[in-house]
Amino acid sequence: MAEETETKIQNLILRAETLAKKNWIQAINLLEDALIEYPSNNRLYLALGDIYARANQYRKALTHFQSALAQDPTNKHLTLHVGNCYLALSEYSLELV
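Please read these numbers as outputs of a predicted model, since none were measured by experiment. (Residues numbered from 1 in each chain as written. Predicted model: local features only at pLDDT ≥ 70, side-chain atom pairs only at ≥ 80, totals over all residues. Heavy atoms only, no water.)

If you had to explain the nonpolar core to someone new, which residues and values would you point to?
Within the largest apolar cluster, 28 residues are counted, with the highest numbers of intra-cluster contacts made by Leu 31, Leu 44 and Ile 51. A total of seven residues in this core trace back to one element, the largest contributor, which is helix α3 (residues 42-54). With residues near it in sequence (within four places) discarded, Leu 31 still touches Leu 12, Ile 13, Ala 16, Leu 44, Ala 47, Leu 48 and Ile 51. (Core = buried A, V, L, I, M, F, W, Y, C linked by side-chain atoms within 4.5 Å. Buried < 20%, exposed > 50% of the residue type's maximum accessible area, 1.4 Å probe, protein only. Helix = DSSP H or I, 4+ residues; strand = E, 2+ residues; numbered from the N terminus. Contact = heavy atoms within 4.5 Å.)

Structure representation (C-alpha cells):
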C-alpha cells in the first residue's frame, strides 16, 4: 500500500513538472489537490516550492519549503531552498537564520 502511494505521488509530481512548462498555475492546482489527499508528504511541498520559485513567486515558494522543513528539520537541501528564497526576497538577515 505504501509503495502504491509513493508511486502515485511520484506520478503526480512528474505530471505537475511537465505541466509547469506550459502552465505553472495548473501544475500548482494539481499539487495543491494532491496535498489535500497527502498533507504530510514532503515531496509535494518541495515540488510546489520549486514551481513557485521558478515562477518568481518566492513568498509562496518559501511557505511550501518551510512546511517541508518543519517535517524534516535536518534536511540541508530544504534549508538551502529557504535561504535562497530569503535571498531572492532581499531579506538578507533572515537567510542566515
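Break down the packing of helix α1 (residues 2-20) against helix α2 (residues 24-37) for me, with residues and values.
Helix packing for two helices is described by the angle between their axes and how far apart those axes are. Two elements in contact, α1 and α2, have axes separated by 7 Å at closest approach and are oriented at 165°. The angle between the axes of α1 and α2 places the two elements in the roughly antiparallel class. Two packed elements cross with a definite hand, and for α1 against α2 that hand is left-handed. Residues Lys 8, Leu 12, Ile 13, Arg 15, Ala 16, Leu 19 and Ala 20 of α1 form the contact with α2, whose participating residues are Trp 24, Gln 26, Ala 27, Leu 30, Leu 31, Ala 34 and Glu 37. Split by residue class, the contact of α1 with α2 holds ten nonpolar, one polar and three charged. (Axes fitted to C-alpha atoms, helices over the stretch in contact; angles between N-to-C directions. Parallel < 35°, antiparallel > 145°, perpendicular 65-115°, else oblique. Left-handed = near helix turned anticlockwise from the far one by under 90°. Nonpolar A, V, L, I, M, F, W, Y, C, P; charged D, E, K, R; others polar.)

Break down helix α5 (residues 76-88) for me, with residues and values.
Between its terminal C-alpha atoms α5 stretches 18 Å, which fits the 18 Å expected from 13 residues at 1.5 Å a residue. Its side-chain oxygen placed 2.9 Å from the backbone nitrogen of His 77, Asn 75 serves as the N-cap of α5. Positioned one or two residues after α5, Ser 90 has a phi angle of 60°, which is positive. (Expected span 1.5 Å × (residues − 1). Polar contact = N/O pair within 3.5 Å; in protein donor to acceptor, adjacent residues only side chain to side chain.)

So what's going on with the packing of α3 against helix α4 (residues 58-71)? Which residues, and what values?
Packing of α3 against α4 brings their axes to within 8 Å, and their N-to-C directions diverge by 160°. As judged from the angle between their axes, α3 and α4 are roughly antiparallel. Handedness of the α3/α4 crossing: left-handed. Residues Asn 42, Tyr 45, Leu 46, Leu 48, Gly 49, Asp 50, Tyr 52 and Ala 53 of α3 form the contact with α4, whose own contacting residues are Tyr 58, Lys 60, Ala 61, His 64, Phe 65, Ser 67, Ala 68 and Gln 71. Residues belonging to the contact of α3 with α4 are distributed by class as follows: nine nonpolar, five polar and two charged.

Which residues make up unusual backbone geometry, and what values go with them?
Of note, the phi angle at Asn 56 is positive, near 60°, even though the residue is not glycine. Along the chain, Asn 56 turns up in the loop between α3 and α4. For Asn 56, a relative accessible area of 53% puts it in the exposed group. Its identity as a non-glycine residue notwithstanding, Ser 90 has a phi of 60°, on the positive side. Relative to the helices and strands, Ser 90 is located in the loop between α5 and α6 (92-95). Given a relative accessible area of 46%, Ser 90 falls into the partly exposed group.

An account of the side chain of Asn 41 is needed here, citing residue identities and associated values.
For Asn 41, the location among the structural elements is in the loop between α2 and α3. Discounting residues that sit within four places of it in the chain, Asn 41 has contacts with Glu 6, Ile 9, Leu 35 and Gln 71.

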